[in-house]
Amino acid sequence: LHTDKYPGTAQDIRERAERMGYDIRWYEASEAPENSIPAFEKAVENHFFGVECDIWKTLDGEFMVSHDASLKRIFGYPLDIASLTAQQIKKYYMINGANIGSYEKLTMPTLTEYLQVMKKDKEVHPFIEIKEMLKEEDLKRIVKLVKDQGILKQTYFISMYQSNLLTLQTIAGVESSQLQYVY
């Protein structure tokens, strides 16, 4: 991570954030299943500096929050997100994850649902990892979703696909300092 406001390495930024009083530890999701609305709510309630999610595109063009491309590990079904509509995915409930017994009928969040939680604290920085190569129109829709929630300036975009990041860089309102390449 490198920003104009906080130039330096990721470690430099971590140290600066800690000195400023931000809690930047990685959320271990010990109280709620990973990539669930309760996990995101707990991170926001605890004023985490950043809350990362991973997104995948559905058959009908929605963006869903999941670390995995399939429903196998968390939901128990060997189905790919890309082969289902958002409405179909919402019919499945999480069966695995931290403290799963404390939650009933948790579904896979949409990107919009994640963003609605993130906007509750303007000091929290959403980190959206785009897990697949997307077209420009898809990336523009993602940026619009973030912008519509009023949190574009505090949001970071991560991808292992340079083409995603190069395209994001051309979209109005996205600064190169908000982009991170992971490989």
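The rules behind these values
Residues numbered from 1 in each chain as written. Predicted model: local features only at pLDDT ≥ 70, side-chain atom pairs only at ≥ 80, totals over all residues. Heavy atoms only, no water. Helix = DSSP H or I, 4+ residues; strand = E, 2+ residues; numbered from the N terminus. Buried < 20%, exposed > 50% of the residue type's maximum accessible area, 1.4 Å probe, protein only. Contact = heavy atoms within 4.5 Å. Pairing = 2+ DSSP bridges. Axes fitted to C-alpha atoms, helices over the stretch in contact; angles between N-to-C directions. pLDDT = per-residue confidence, 0-100. Phe/Tyr/Trp six-rings, centres within 6.5 Å; stacked < 30°, edge-to-face > 60°.

### Some remarks on the environment of Met 118
So, point 1. Note that Met 118 resides in helix H5 (residues 111–118).
So, point 2. Given a relative accessible area of 0%, Met 118 falls into the buried group.
So, point 3. The sequence separation of Met 118 and Ala 43 amounts to 75 residues, and the corresponding C-alpha distance is 9.2 Å.
So, point 4. Met 118 has contacts with Phe 40, Val 44, Val 51, Val 124, Pro 126 and Ile 151, leaving out every residue within four places of it along the chain.

### Some points on the sheet that holds strand E3 (residues 125–130)
So, point 1. As summarised here, the arrangement of the 5 strands in space is E2-E1-E3-E4-E5, forming an open sheet in which the pairing is mixed. Among the strands making up the open sheet, the edge pair consists of strand E2 (63–65) and strand E5 (179–181). Neighbour-to-neighbour, the strand axes of the sheet open up by a mean angle of 30 degrees, direction not taken into account.
So, point 2. Sheet topology note: the E3/strand E4 (residues 156–159) ladder contains 4 bridges and is parallel. For Phe 127, the partnering residue across the bridge sits in E4 and is Tyr 156.
So, point 3. Across the sheet, helix H6 (residues 136–148) is in contact with strand E1 (50–57), E2, E3 and E4; its angle to E2 comes to roughly 65 degrees.

### Observations regarding the pairing of E4
So, point 1. Here E4 shows a buried face lined by Tyr 156 and Ile 158 and a second buried face lined by Phe 157 and Ser 159.
So, point 2. The sheet contact formed by E4 and E5 spans 3 bridges and is parallel. Along E5, the bridge assignment pairs Ile 158 with Gln 180.

### A look at the confidence of the model for the protein
So, point 1. Mean pLDDT over the protein stands at 89; residues scoring 70 or higher make up 84%.
So, point 2. Per-residue pLDDT stays below 50 along residues 1–8; that stretch engages in 19 contacts with residues further than four places along the chain or on separate chains.
So, point 3. Below pLDDT 50 for its whole length, residues 22–28 participates in 16 contacts with residues either more than four positions away or in separate chains.

### Quick look at the packing of aromatic side chains
So, point 1. Under the counting rule described, the total for this entry stands at 4 aromatic pairs.
So, point 2. With a centroid separation of 4.9 Å and 75 degrees between ring planes, the pair formed by Phe 40 and Tyr 114 is classed as edge-to-face. Of this pair, Phe 40 sits in helix H2 (residues 37–45) while Tyr 114 sits in helix H5; the two residues are 74 residues apart in sequence, bridging distant segments of the chain.
So, point 3. Ring centres of Phe 127 and Tyr 156 lie 4.8 Å apart, and the angle between their planes is 15 degrees; this geometry places the pair in the stacked category. With a gap of 29 residues between them, Phe 127 in strand E3 and Tyr 156 in strand E4 connect regions that are remote in the sequence.
So, point 4. Accessibility expressed as a relative area gives 9% for Tyr 156, which makes it buried.

### Describing the pairing of E1
So, point 1. Pairing analysis gives 6 bridges linking E1 to E3, with the strands arranged parallel. Residue pairing in the sheet places Glu 52 in a bridge with Phe 127 of E3.
So, point 2. Pairing of E1 with E2, which is carried by 3 bridges, proceeds in the antiparallel orientation. Considered in E2, the bridge of Lys 57 is made with Phe 63.
So, point 3. Between the antiparallel neighbours E1 and E2 lie 5 residues, among them Gly 61 with a positive phi of about 85 degrees.

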